[in-house]
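Read off the chains here:
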Amino acid sequence: NNNNNSSNNNNNNSSGSAIFNNPTPSPARGPPRTPGMDRRTVRIEARSNRGQTTEQEYVSNIIISSKYTVWNFVPKNFLEQFRKAVNSYFLIITFVMFLGNKTPLFRGTINFVANAATLLTFMVFSAVVAALDDMGRHRADAETNAETARFLSFSEDGNPMAELGEWRDVRVGDILIIHDQEHLPADIVPLATPGLE
């Protein structure tokens, strides 16, 4: 019995050590990463040196929250209004009434003009409201893009200085100077502060 127990213990120990020493390899998580894969280099530099390096193509810092322009307002608003089920329904009914009034397919008893005038009135009213709202968005965007930004720059003799500009001119890699109680945009990385707070 003792021999059997010792042999069983030896077997358990050997199997346990085998599992511990030879763990099951984990499944691969994907192809090995190539050096430089999914990476990009952002050059941090003063504004005065911006033209001395090769600029990369990044998204502009101009904020555009408006939906329309002068050129696309009519067709874009027209399509948006007919995505509403009510307007589409009235358009179909107006077309059916037109066929009844102007074609020999069937006799229409209701004049389509009244229904078309009602639909046109509602669409014009909605378009005016959308235009006024979008004009407010354009004004707000212009104010935000024209806000003053302070860029770190260097004079000809190498002394650091603050150069004034607009937020629309901010590019990736620019070093900005932001004073106390000013808004800190979410896409800015703080590099240094004058105090501990």
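Just so it is clear, the model here is predicted, and its values are computed rather than measured.

**Re the overall build of the chain**
- Looking only at helices and strands, the chain features 4 helices and 2 strands.
- Put simply, the chain runs from its N terminus to its C terminus through helices and strands in the order α-α-α-α-β-β.
- Expressed as a percentage of the 197 residues in the chain, the buried residues total 16%.
- Pairs at least 24 residues apart make up 46% of the contacts formed inside the chain by residues separated by at least 6 positions.

**What to know about the environment of L164**
- Secondary-structure assignment places L164 in strand β2 (residues 160-166).
- In this structure the C-alpha to C-alpha distance between L164 and T148, which are 16 residues apart in sequence, comes to 6.7 Å.

**A word on the environment of I175**
- Along the polypeptide, I175 turns up in the segment after β2.
- Along the sequence, I175 and L152 sit 23 residues apart, while their C-alpha atoms lie 5.5 Å from each other.

**Points about the side chain of N77**
- Relative to the helices and strands, N77 is located in helix α2 (residues 73-81).
- Engagement of the side chain of N77 in a polar contact is seen with the side chain of Y68, the distance being 3.5 Å.
- For N77, the contacting residues outside a window of four places in its chain are Y68, N72, A127 and A130.

**Concerning α2**
- Taken together, the buried positions of α2 are occupied by F73, N77 and Q81. End-on, the buried residues of α2 take up no more than an arc of 50°, which puts them together on one face.

**Structural notes on the packing of α2 against helix α4 (residues 112-145)**
- Where α2 contacts α4, the axes come no closer than 11 Å and their chain directions differ by 120°. The orientation of α2 relative to α4 falls into the category oblique. Crossing of α2 over α4 shows right-handed handedness. Counted together, F73, N77, F78 and Q81 of α2 and F122, M123, S126, A127, A130 and A131 of α4 form the full contact between these two elements.
- Here the contact of α2 with α4 is built from residues that sort into 7 nonpolar, 3 polar and no charged.

**Examining the packing of aromatic side chains**
- Applying the stated rule across the entire model yields 3 aromatic pairs.
- Note on Y89 and F90: the rings are 5.9 Å apart at their centroids and 80° apart in plane angle, and the pair reads as edge-to-face.
- On the basis of relative accessible area, F90 is assigned to the partly exposed category, the value being 30%.

**Description of the confidence of the model for the chain**
- In the predicted model, the chain carries a mean pLDDT of 76, and 69% of its residues have values of at least 70.
- Below a pLDDT of 50 lies the segment residues 6-31, which in the model reaches 0 contacts outside its immediate sequence neighbourhood of four places, other chains included.

**Points about the pairing of β2**
- Here 7 bridges tie strand β1 (residues 148-154) to β2, and the two strands are oriented antiparallel to one another. What sits directly across from F154, in β2, is P160.
- What sits between the antiparallel neighbours β1 and β2 is a turn of 5 residues, in which G158 has the positive phi angle 90°.

Conventions used here
- Residues numbered from 1 in each chain as written.
- Predicted model: local features only at pLDDT ≥ 70, side-chain atom pairs only at ≥ 80, totals over all residues.
- Heavy atoms only, no water.
- Helix = DSSP H or I, 4+ residues; strand = E, 2+ residues; numbered from the N terminus.
- Buried < 20%, exposed > 50% of the residue type's maximum accessible area, 1.4 Å probe, protein only.
- Contact = heavy atoms within 4.5 Å.
- Polar contact = N/O pair within 3.5 Å; in protein donor to acceptor, adjacent residues only side chain to side chain.
- Arc of directions from axis to C-beta.
- Axes fitted to C-alpha atoms, helices over the stretch in contact; angles between N-to-C directions.
- Parallel < 35°, antiparallel > 145°, perpendicular 65-115°, else oblique.
- Left-handed = near helix turned anticlockwise from the far one by under 90°.
- Nonpolar A, V, L, I, M, F, W, Y, C, P; charged D, E, K, R; others polar.
- Phe/Tyr/Trp six-rings, centres within 6.5 Å; stacked < 30°, edge-to-face > 60°.
- pLDDT = per-residue confidence, 0-100.
- Pairing = 2+ DSSP bridges.

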